[in-house]
Amino acid sequence: MKEIARLAEVSLGTVSNVLNNSAKVREPLRRRVLAAVDSLRYEPSQLARGLRRDKTNMIGMIIPDITNPFFPAVVRGAEDAAFGSGYRLVLCNADNNLTKEVSYMNQLRTYLPTGIIVIPSNFSEITMQAGSATRGGAVVVCLDRMPRHWKGDTVTVANDEGALNATQHLIQLGHKRIATITGPLQLTIAHARLAGFRRALKQANIQIPAEYVQESSFDRAGGYSAALGLLQLKPRPTAIFAQNDMIAMGVVMAIRELGLRCPHDVSLFGFDGLEVTELMDPPLSSVLQPGYQLGSLGVQLLLERVSDPNRPFRHHVLPTELRLGASIAPPPPTRQSKKKPDSAPRRKLAT
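Engineer: Help me understand unusual backbone geometry in this model?
Structural biologist: What is expected of a backbone is that most residues other than glycine have negative phi and most peptide bonds are trans. Following Lys-234, the chain continues into Pro-235 via a peptide bond in cis, with omega recorded as 0°. Within the secondary structure, Pro-235 sits in the loop between helix H10 (220-230) and strand E8 (239-242). Of the consecutive residues Cys-262 and Pro-263, the connecting peptide bond is found in the cis state with omega at 10°. Here Pro-263 is to be found in the loop between helix H11 (245-257) and strand E9 (267-272). Not every positive phi belongs to a glycine, and Asp-95 is a case in point at roughly 55°.

Engineer: Can you help me understand the pairing of strand E1 (residues 58-63) in this one?
Structural biologist: Successive side chains on a regular strand alternate, one facing one side of the sheet and the next facing the other. Within E1, 6 of the 6 residues are buried, which leaves it mostly tucked inside the rest of the structure. Here E1 shows two buried faces, one formed by Met-58, Gly-60 and Ile-62 and the other by Ile-59, Met-61 and Ile-63. The pairing of E1 with strand E2 (residues 88-93) spans 6 bridges and is parallel. Counterpart to Ile-63 in the pairing with E2 is Asn-93. Once you follow E1 into helix H5 (residues 71-84) and on to E2, the crossover reads as right-handed. With 4 bridges connecting them, E1 and strand E3 (residues 115-118) associate as parallel partners.

Engineer: What exactly am I supposed to notice about H5 here?
Structural biologist: In an α-helix, one turn spans 3.6 residues, which is why side chains three or four residues apart end up on the same side. In this model, H5 (14 residues) spans 20 Å end to end at C-alpha, consistent with the 20 Å of a helix rising 1.5 Å per residue. Turning to H5, its buried residues number three or more, namely Phe-71, Val-74, Val-75, Gly-77, Ala-78, Ala-81 and Ala-82. An end-on view of H5 places all buried positions within 160° of arc, on one side of the element. In this structure, H5 carries Arg-76 and Gly-84 as exposed residues pointing more than 90 degrees from its buried face. Taken together, the buried residues of H5 touch E1, E2, strand E4 (139-143) and helix H12 (291-307).

Procedures and definitions
- Residues numbered from 1 in each chain as written.
- Predicted model: local features only at pLDDT ≥ 70, side-chain atom pairs only at ≥ 80, totals over all residues.
- Heavy atoms only, no water.
- Helix = DSSP H or I, 4+ residues; strand = E, 2+ residues; numbered from the N terminus.
- Buried < 20%, exposed > 50% of the residue type's maximum accessible area, 1.4 Å probe, protein only.
- Pairing = 2+ DSSP bridges.
- Right-handed = clockwise from strand over helix to strand, strands pointing away.
- Expected span 1.5 Å × (residues − 1).
- Arc of directions from axis to C-beta.
- Contact = heavy atoms within 4.5 Å.

The values reported here are purely geometric and, on their own, carry no functional implication.
Below, the structure written as structure tokens:
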């Protein structure tokens with residue numbers, strides 16, 4: 001800054017006022033300062049600013065699994081919203097590892113961020129660390145999944161309703177032997193999707209064997225392993241509701257390995273609405289959840305909390321919708337049965 005002041009022939013205070021927009025500076029002087037900044041390629045130290053203001057323009061974001069194709073859309077929504085408001089997003093991948101997640105949370109606090117956005121890992125107990133970050137001046141918002149005992153700002157989707165609608169659609173096609181592969185049931189989203197699945201069956205007065213509900217990890221390997229077991233049950237389910245699209249990809253692998261066909265032998269419904277699943281053979285029916293809006297709204301909530309720290313906590317629930325592909329059809333008996341002709345025409349009853 002001293003070099004800028006010397007080059008622009010102004011005081012150090014004038015340079016500070018221009019860079020920080022902290023006081024009005026006459027236009028000729030402001031232009032000279034900016035020209036000097038450009039000439040020297042000066043970039044203000046955000047860490048130095050943070051130490052002076054007890055806060056940087058950084059927003060930390062912790063996600064559970066960078067290889068899951070659902071999360072990039074969430075990160076993109078958060079990054080766009082942050083950048084548009086003058087903040088910079090720093091991404092951390094926890095690998096669904098609680099120790100790594102807690103370590104990232106503790107380290108991010110030392111960089112004096114404006115806030116931290118967390119999509120909790122499978123075994124998250126991050127509430128205590130989030131509380132410490134909040135007391136240290138950072139705003140914390142949880143997206144998609146809520147850790148236990150969390151009472152802060154959150155943005156999720158209508159998981160229960162999405163699972164309900166998907167299962168109801170399978171029932172309307174004529175399926176009664178419907179199985180589901182859940183995510184890890186310690187996660188609130190897995191519980192909500194299982195609850196929606198069970199509610200649809202109950203409303204249709206359909207009972208299924210206990211073995212038709214299989215718990216899995218939220219990945220392709222988990223879906224494949226669970227589906228191998230389901231597809232060898234007798235009677236075999238005619239439809240499977242996979243609680244995310246990665247699980248559904250694993251189910252397709254198992255279907256093919258066992259010499260079955262989708263949807264001719266087994267219908268399949270996913271949850272996420274990943275674009276890549278439209279390229280599957282057959283294209284996957286899925287519950288579409290708005291990942292981009294999830295991330296964008298998370299940053300919006302965070303910045304609103306910065307502006308008004310004492311406002312009530314908010315819990316936003318974004319709607320889902322069904323995206324129907326060719327992976328679902330009526331169950332085999334319904335599709336293959338042929339109506340036998342009557343021996344004599346029926347007489348129409350008088351009404």
